[in-house]
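The residues making up each chain are set out below.
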Amino acid sequence: MADTGTDRVKRGMAEMQKGGVIMDVVNAEQAKIAEEAGAVAVMALERVPSDIRAAGGVARMADPDILEEVIGAVSIPVMAKARIGHIVEARVLEALGADYIDESEVLTPADEVYHIDKNAYTVPFVCGSRDLGEALRRIGEGAAMIRTKGEPGTGNIVEAVRHMRMVQSQIKKVVGMSRDELMTEAKNLGAPYELLLSIQENGKLPVVNFAAGGIATPADAALMMSLGSDGVFVGSGVFKSEEPQRFARAIVEATTHYEDYELIGQLSKGLGTAMKGIEISNIPEPERMQDRGW
Amino acid sequence: MVKIGVLALQGAVREHAKMLESEGTTEAIIVKKAEQLDELDGLVLPGGESTTMRRLIDLYGFREPLQKFADSGKPIFGTCAGLILMARQIVGEEEGHLALMDMTVERNAFGRQKESFETELDMKGVAEDLLAVFIRAPLISEVGASVEVLGTHRDEIVAARQDQFLACSFHPELTDDHRFHHYFVEMVKNTKAALV
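Residues numbered from 1 in each chain as written. Chains lettered and ligands numbered in written order. Predicted model: local features only at pLDDT ≥ 70, side-chain atom pairs only at ≥ 80, totals over all residues. Heavy atoms only, no water.

**Q** Please clarify how the overall build of chain A should be interpreted in this entry.
**A** Secondary structure summary: chain A contains 13 helices and 9 strands in total. At 18 Å, chain A has a C-alpha radius of gyration in line with the 19 Å of a compact globule built from 294 residues. Projected onto its principal axes, the C-alpha coordinates of chain A cover approximately 55 × 45 × 45 Å. Here chain A holds 294 residues, and 61% of them are scored as buried. A sequence separation of at least 24 residues applies to 66% of the contacts in chain A between residues at least 6 apart. As presented, chain A carries roughly 11,300 Å² of accessible surface, and 49% of it is formed by carbon and sulfur atoms. When the 31 positive and 44 negative side-chain charges of chain A are each reduced to one mean point, those points stand 3 Å apart. (Helix = DSSP H or I, 4+ residues; strand = E, 2+ residues; numbered from the N terminus. Rg over C-alpha atoms; globule rule 2.2 N^0.38 Å. Buried < 20%, exposed > 50% of the residue type's maximum accessible area, 1.4 Å probe, protein only. Contact = heavy atoms within 4.5 Å. Areas by Shrake-Rupley, 256 points an atom, 1.4 Å probe, with all protein chains shown as cover. Lys, Arg positive; Asp, Glu negative; His and termini not counted. Charge placed at Lys NZ, Arg CZ, Asp CG, Glu CD.)

**Q** Teacher, can you tell me more about the sheet that holds strand 8 (residues 127–134) of chain B here?
**A** By way of backbone hydrogen bonds, the strands of a sheet pair with one another, either parallel or antiparallel. Strand order in the open sheet made by the 3 strands is 1(A)-7(B)-8(B), with antiparallel pairing throughout. Edge strands, defined here as strands with exactly one partner in the open sheet, are strand 1 (3–4) of chain A together with strand 8 of chain B. (Pairing = 2+ DSSP bridges.)

**Q** What am I meant to see in the pairing of strand 7 (residues 117–123) of chain B here?
**A** Two faces belong to every sheet, and in a regular strand the side chains alternate between them. The buried count for strand 7 of chain B comes to 5 of 7 residues, which makes it a mostly enclosed element. Bridging between strand 1 of chain A and strand 7 of chain B involves 2 bridges; their strand directions are antiparallel. Residue pairing in the sheet places D3 of chain A in a bridge with E118 of chain B of strand 7 of chain B. In this structure, strand 7 of chain B lies alongside strand 8 of chain B, joined through 6 bridges in antiparallel fashion. Within the sheet, the bridge partner assigned to L121 of chain B lies in strand 8 of chain B and is L130 of chain B. Counting the residues that bridge the hairpin from strand 7 of chain B to strand 8 of chain B gives 3 residues, and of these G125 of chain B lies at a positive phi of roughly 75°.

**Q** For this particular structure, what's the right way to read the UniProt feature "binding site: D-glyceraldehyde 3-phosphate" (unreviewed entry) in chain A?
**A** All names here are of chain A. Under the UniProt annotation, the feature "binding site: D-glyceraldehyde 3-phosphate" (unreviewed entry) is placed at R165. On the secondary structure map, R165 appears in helix 7 (residues 158–176). The class of R165 is exposed, set by a relative accessible area of 52%. (UniProt positions renumbered as here; feature names shortened; annotations may be inferred.)

**Q** Can you help me understand the UniProt feature "active site" (unreviewed entry) in chain A in this one?
**A** All names here are of chain A. The UniProt record annotates "active site" (unreviewed entry) at K81. Residue placement: K81 occurs in strand 4 (residues 78–83). Among residues more than four places away in sequence, those in contact with K81 are M43, L45, M61, L93, D102, S104, V106 and L107. Reaching out from K81, the side chain makes a polar contact with the side chain of D102 at a distance of 2.8 Å. (Polar contact = N/O pair within 3.5 Å; in protein donor to acceptor, adjacent residues only side chain to side chain.)

**Q** Explain the packing of helix 6 (residues 132–141) of chain A against helix 9 (residues 193–202) of chain A here, please?
**A** When two helices pack together, their arrangement is captured by the angle between the axes and the distance separating the axes. All names here are of chain A. Where helix 6 meets helix 9, the closest approach of the two axes is 10 Å, and the angle between their N-to-C directions is 110°. Comparing the axis directions of helix 6 and helix 9 gives the class roughly perpendicular. Both helix 6 and helix 9 take part in a crossing whose hand is right-handed. Two secondary-structure elements touch here, helix 6 through L132, L136, I139 and G140 and helix 9 through L195, L196 and I199. Here the contact of helix 6 with helix 9 is built from residues that sort into 6 nonpolar, 1 polar and no charged. (Axes fitted to C-alpha atoms, helices over the stretch in contact; angles between N-to-C directions. Parallel < 35°, antiparallel > 145°, perpendicular 65-115°, else oblique. Left-handed = near helix turned anticlockwise from the far one by under 90°. Nonpolar A, V, L, I, M, F, W, Y, C, P; charged D, E, K, R; others polar.)

**Q** I'm lost on helix 10 (residues 218–226) of chain A in this one. Help?
**A** Two residues of an α-helix separated by three or four positions point the same way, owing to the 3.6 residues in each turn. Among all positions of helix 10 of chain A, only P218, D220, A221, A222, M224 and M225 of chain A are buried. Tucked inside the fold, the buried residues of helix 10 of chain A contact helix 7, strand 9 (232–234), helix 12 (244–256) and helix 13 (261–268) of chain A.

**Q** Explain a nonpolar patch on the surface here, please?
**A** Among the surface-exposed residues, I87, V88 and V92 of chain A lie close enough to one another that they form a single nonpolar patch of about 250 Å² accessible area. In this structure, I87 of chain A sits in helix 5 (residues 87–96). (Patch = residues over 30% accessible without salt bridge, like charges linked within 9 Å, V, L, I, M, F, W, Y side chains within 5 Å. Salt bridge = Lys/Arg side-chain N within 4 Å of Asp/Glu carboxyl O.)

**Q** Is there a simple way to think about the UniProt feature "active site" (unreviewed entry) in chain B in this case?
**A** Within the UniProt annotation, "active site" (unreviewed entry) is assigned to C80, H171 and E173 of chain B. These annotated residues cover 94 residues of sequence, but their C-alpha atoms sit close together, with the largest distance between any two at 10.8 Å. If sequence neighbours within four positions are ignored, C80 of chain B has contacts with G47, I135, A137, P138, C168, S169, F170 and H171 of chain B. Judged by its relative accessible area of 3%, E173 of chain B is buried. Here E173 of chain B is in contact with M16 of chain A together with A12, E15, H16, M19, G47, T79 and H181 of chain B, once residues within four sequence places are set aside. A polar atom in the side chain of E173 of chain B sits 2.8 Å from the side chain of H171 of chain B.

**Q** I would appreciate a short explanation of the interface of chain B and chain A in the present structure.
**A** Interface size is commonly expressed as the accessible surface area that is lost when the partners come together. Across the contact, 38 residues belong to chain B and 43 residues belong to chain A. Between chain B and chain A, a total of about 3,300 Å² is buried, with carbon and sulfur atoms accounting for 51% of that surface. Linking chain B with chain A are 6 salt bridges, by the criterion used here. Between R8 of chain A and E118 of chain B there is a salt bridge whose closest N-O contact spans 3.1 Å. Applying the counting criterion to the chain B and chain A interface returns 22 residue pairs in polar contact (both at pLDDT 80 or more). Of all elements in the fold, only helix 1 (13–21), helix 2 (50–59), strand 7 and strand 8 of chain B reach the threshold of two or more residues within the side of chain B that touches chain A. (Buried area = accessible area lost by both parts, 1.4 Å probe.)

In structure tokens, the structure reads:
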């Protein structure tokens, strides 16, 4: 008797990524650089978020060729993004052998009302959240890992910080509540009551919570770790920098030793220019990726 | 009281520490610097990504101190990626990482994540129904004469012991089943008593 796709197996996979960096890559060469630098996984994409933002139009699941190329190039896990609510893209990625699926607001949503029923899949899912209610709705649907939404492709950390702080402070609030306050809190957050009970018992989310969306420097990665992230996703940051190899290594080291400021200082020396970045208030509201999904 | 470290470069560190602490007679130490090894009676190499861990082991000068720790006779327990670090040979690679145990391992031997699974195993000297979670797990394809096989799954070796070294390709730390950790803690206690 052997059971695949159980919560323990799916959530456990994310537990193994803790303290690590997951990097966006668009081909085998970048995937190898990421693996060599010590990334714990790669996200196979057709375009990194900043290019998606620049290109406009509809962003979809990557060409299966890219996923297969990346799977063939590295031995670390390979993740891939499906559009929010796109049941079939997710099934295709699962069939192609993606180790984790990101139901991602970086792509253009396929469904503005319903997210994917992630419990129905054998492959685990990661989803973005801006607050505890959103995180728990996704976990209720079967997400085995949560990440902040941040504002992808901006190189601006402010939204990821906002989302991580929000989730952490809401967890603390729930932990400090008396049992009879929980149902009302569940109603206010729009979150499953049972998951609030679990948070109160364990003092933390039932799945790991990574930082994503706007991490552009080693110090950004260390900042997110010190705010309580279990690990970080770096999207456009690595391969939009001047020296991807060094940059990738520096981010990995800063994530491991996020409290060693002298080391982070050394790592940050002469790294060249980080991606330029965008001030959030300059992005018109309809173009804010974090507002996709609910 | 015994002090057992968990190598904390990357991976499921907290879960191991929690398991060890729940033994009551154990103090779990999160090991981020090589000098911390000096105060330990035993060490856990946790699950995670073995390529990442190996890179950080080299980068932070852990390799020699880990080897010295192993030579001192103190017990080491490797789970999943930890097992890979301990093997003398890795299929498809030139040499092992720490090469502590006389065995050959094959990485990702059960397939990709969708093939990952949990099951119950008969584990020699530990339990007849140990709950085991396999995540993109390696397996032990060959063992030397001095290695004792503790458990198999579908005729493949998934747990083994060689003197003070214990390794398994699954994750006991992701379950509520404490028996494998208890087995290791007993190893550490016995070794400590013998080394004094």
